[in-house]
Amino acid sequence: MFDLSGRVVLVTGSSRGIGRAIALELGRAGSDVVVHHRANAARAEEVRAELSRIGVQSLTVAGDVAHPEEVARFVRAAGEWKGRLDGVVTSAGIYRGDATPDVGPNDFQSVLRTDLEGTFRTVQAALPFLKKSVRPAIVTVSSVMGAHAGIGGVAYQAAKAGVEQATRALALELAPRIRVNSVAPGFIRTDINRGGHEDPRFHAAIVAATPLGRWGEPDDVAPAVRYLLSLEADWVTGLVLGVDGGIPLR
Ligand code: NAD
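Parameters at a glance
- Residues numbered from 1 in each chain as written.
- Predicted model: local features only at pLDDT ≥ 70, side-chain atom pairs only at ≥ 80, totals over all residues.
- Heavy atoms only, no water.
- Core = buried A, V, L, I, M, F, W, Y, C linked by side-chain atoms within 4.5 Å.
- Buried < 20%, exposed > 50% of the residue type's maximum accessible area, 1.4 Å probe, protein only.
- Helix = DSSP H or I, 4+ residues; strand = E, 2+ residues; numbered from the N terminus.
- Contact = heavy atoms within 4.5 Å.
- Expected span 1.5 Å × (residues − 1).
- Arc of directions from axis to C-beta.
- Near = heavy atom within 4 Å.
- Polar contact = N/O pair within 3.5 Å; in protein donor to acceptor, adjacent residues only side chain to side chain.
- Areas by Shrake-Rupley, 256 points an atom, 1.4 Å probe, with all protein chains shown as cover.
- Salt bridge = Lys/Arg side-chain N within 4 Å of Asp/Glu carboxyl O.
- Pairing = 2+ DSSP bridges.
- Right-handed = clockwise from strand over helix to strand, strands pointing away.

1. Observations concerning the nonpolar core
- If you look at the biggest cluster of nonpolar residues, it comprises 31 residues, and the most contacted ones within it are Ile22, Leu26, Val89, Val183 and Leu229.
- If you list the elements that add at least two residues to this core, you get strand S1 (8–12), helix H1 (17–28), strand S2 (32–37), helix H2 (41–54), strand S5 (137–141) and helix H8 (218–229).
- Ignoring anything within four residues of it in the chain, the contact list for Val89 reads Val9, Leu10, Val11, Thr12, Ile22, Leu26, Val139, Val141, Val225 and Leu229.

As structure tokens, then:
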């Protein structure tokens, strides 16, 4: 089930956190993986070493997703490695939870450029290489906050809502050749929200708000991405798959 043997998948932001868990899960499914990072070559090399222990091939590429020319460069390097990409996962992203009065002149744009335009530019740059694949698929990474409002972080929530609609618009535009889906994680313990999950009161508030009664881990998200990239999902496109412990149910 959900075998990805012989596939080549680029995962942005995969030196740590959710992206790293996705890269390793895809490796365990048999896929060769392009590990992308912004500036942490040592962590990316650690992921590459783990992939090598799993027994798949990997390449590391670097670049800032907020700069389209850097995206074009690292995606080209990823695509030229094997001459094609069978999958792209856009996990690179930042979070800012500021209350509206505290959002500085460049803060809003910086979140949109990284989380929304970074996702779009990555997909755009990958298209020529995805078109060389027999069954290509893209998975974007949204958030439970893309469709369910929270207090603070308006730019982040707007960016993730944009990622979800971009996913649907791309799914329609690229059908029937390329499938495009999204995962929308709930609260996952990573560096992006370390201040939150290390704060006992915030930690408890999230547990209380989550019907399944705990914070998520990166490994809760990775299998959903594996499924969406697999041939078992061959007739699934434009889906935003919540992996969130049931938060939207409340
Ligand atoms: P993380 O901070 O551990 O990982 C984010 C990764 O993105 C890092 O490797 C970072 O270097 C990279 N990145 C950030 N800005 C970049 C840029 N401009 N260019 C290139 N790389 C950049 O956080 P995470 O929790 O693993 O987040 C991964 C994705 O999951 C993000 O898109 C985030 O919005 C989303 N998400 C996270 C949660 C959560 O609770 N952790 C919930 C919902 C969605």
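Still more ground to cover, so stick around.
2. Here we look at helix H3 (residues 68–82)
- With 15 residues, H3 should cover 21 Å at 1.5 Å per step; its first-to-last C-alpha distance of 22 Å lies within 8% of that length.
- Considered for burial, the residues of H3 that qualify are Val71, Phe74, Val75, Ala78 and Gly79. Across the axial projection of H3, the buried residues extend over an arc of 135°, all falling on one side. Across from the buried face of H3, at angles greater than 90 degrees, the exposed residues are Glu69 and Glu80.

3. Here's the deal with the site of the ligand
- With respect to spatial proximity, 29 residues lie near the ligand, and among them Arg16, Ile18, Asp64, Tyr156 and Thr190 are the closest.
- A distance of 2.7 Å separates a nitrogen atom of the ligand from a polar side-chain atom of Asp64.
- Between the ligand and Thr190, the relevant distance is 2.6 Å, taken from an oxygen atom to a side-chain nitrogen or oxygen of the residue.
- Here the ligand has 820 Å² of accessible area as a free molecule, and 96% of this is covered by the chains.

4. A closer look at unusual backbone geometry
- Cis geometry marks the peptide bond from Ala175 to Pro176; its omega dihedral reads 0°.
- Positionally, Pro176 belongs in the loop between helix H5 (154–174) and strand S6 (179–185).
- Backbone geometry places Phe2, a non-glycine residue, at a positive phi of 55°.
- Among the structural elements, Phe2 can be located in the segment before S1.
- Phe2 gets classed as partly exposed once you look at its relative accessible area, which sits at 24%.

5. Focus: the pattern of salt bridges
- Throughout the structure, instances matching the rule amount to 16 salt bridges.
- Here Asp32 and Lys82 are joined by a salt bridge, their closest N and O atoms 3.8 Å apart. Placement of Asp32 in strand S2 and of Lys82 in helix H3 is noted, with a sequence separation of 50 residues between them.
- Judged by its relative accessible area of 31%, Lys82 falls in the partly exposed class.
- A salt bridge links Glu70 to Arg73; its shortest N-O distance comes to 3.9 Å.

6. Side note on the pairing of S6
- Within S6, 7 of the 7 residues are buried, which leaves the element mostly enclosed by the surrounding structure.
- The side-chain alternation of S6 yields two buried faces, one formed by Arg179, Asn181, Val183 and Pro185 and the other by Val180, Ser182 and Ala184.
- When S5 meets S6, the two strands line up parallel, connected through 5 bridges. Across the sheet, Val139 pairs through a bridge with Asn181, a residue of S6.
- What joins S5 to S6 is H5, and the crossover it makes is right-handed.
- Direction of pairing for S6 relative to strand S7 (residues 240–243): parallel, over a ladder of 4 bridges. Residue pairing across strands places Ser182 opposite Val240, the latter belonging to S7.

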